[in-house]
Amino acid sequence: QVQLVESGGGLVQPGGSLRLSCAASGSIFSITAMGWYRQAPGKRRELVAHITSAGSTKFADSVKGRFTISRDNAKNTVYLQMNTLSPEDTAAYYCKADRIYTTGRVIAELWGQGTQVTVSS
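Presented here is a report on the structure given in the accompanying data block. (Residues numbered from 1 in each chain as written. Predicted model: local features only at pLDDT ≥ 70, side-chain atom pairs only at ≥ 80, totals over all residues. Heavy atoms only, no water.)

Consecutive side chains along a regular strand alternate between the two faces of the sheet. Across the six residues that make up strand β8 (residues 77-82), a large majority, five, are buried. As judged from the six bridges shared by strand β3 (residues 18-25) and β8, these two strands associate in the antiparallel manner. Bridging across to β8, A23 finds its partner in T77. As paired elements, strand β7 (residues 67-72) and β8 share six bridges and run antiparallel to each other. Bridge pairing in β8 places I69 opposite L80. (Buried < 20%, exposed > 50% of the residue type's maximum accessible area, 1.4 Å probe, protein only. Helix = DSSP H or I, 4+ residues; strand = E, 2+ residues; numbered from the N terminus. Pairing = 2+ DSSP bridges.)

Written out as structure tokens, the structure reads:
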């Protein structure tokens, strides 16, 4: 059974930093792309950052220059380094993996359960 587990969320003061991790577990050969989404109360879930297996990245305009996404393909883990956080970054952050190649099948899309990030003084 393949699962995504996020970690690293918590409470941080404005201007602070957090690093989120998302590890995919199970019998996995490869993952084509991984990304981070977030959803604040009353708002639609939005893409924060995305990275392919080749290392190509893209970011939401609201986080460019502040957030960095990276991945360790050998460990099937993706990271989101969040700097200069503001209250507007407060949301539940979700990890997503696309096209997970496992023994016997390909999983088109898989979401983690989410980790809460709260930016407040």
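Don't stop here, the text continues.
So, on to the packing of aromatic side chains. Scanning the model with the defined rule gives one aromatic pair in all. Over the ring of Y94 we find R45; its NZ or CZ atom is 3.8 Å from the centre of that ring. Above the face of the W111 ring, R45 is positioned so that its terminal group lies 4.8 Å from the ring centre. (Phe/Tyr/Trp six-rings, centres within 6.5 Å; stacked < 30°, edge-to-face > 60°. Lys NZ or Arg CZ within 6 Å of the ring centre and 35° of its normal.)

Bringing the nonpolar core into the picture now. If you look at the biggest cluster of nonpolar residues, it comprises 32 residues, and the most contacted ones within it are W36, L80, M82 and Y93. For this core, the elements supplying multiple residues, two or more each, are β3, β4 (28-39), β5 (46-52), β7, β8, β9 (91-102), β10 (105-111) and β11 (115-119). A per-element tally of this core places β9 first, with five residues. (Core = buried A, V, L, I, M, F, W, Y, C linked by side-chain atoms within 4.5 Å.)

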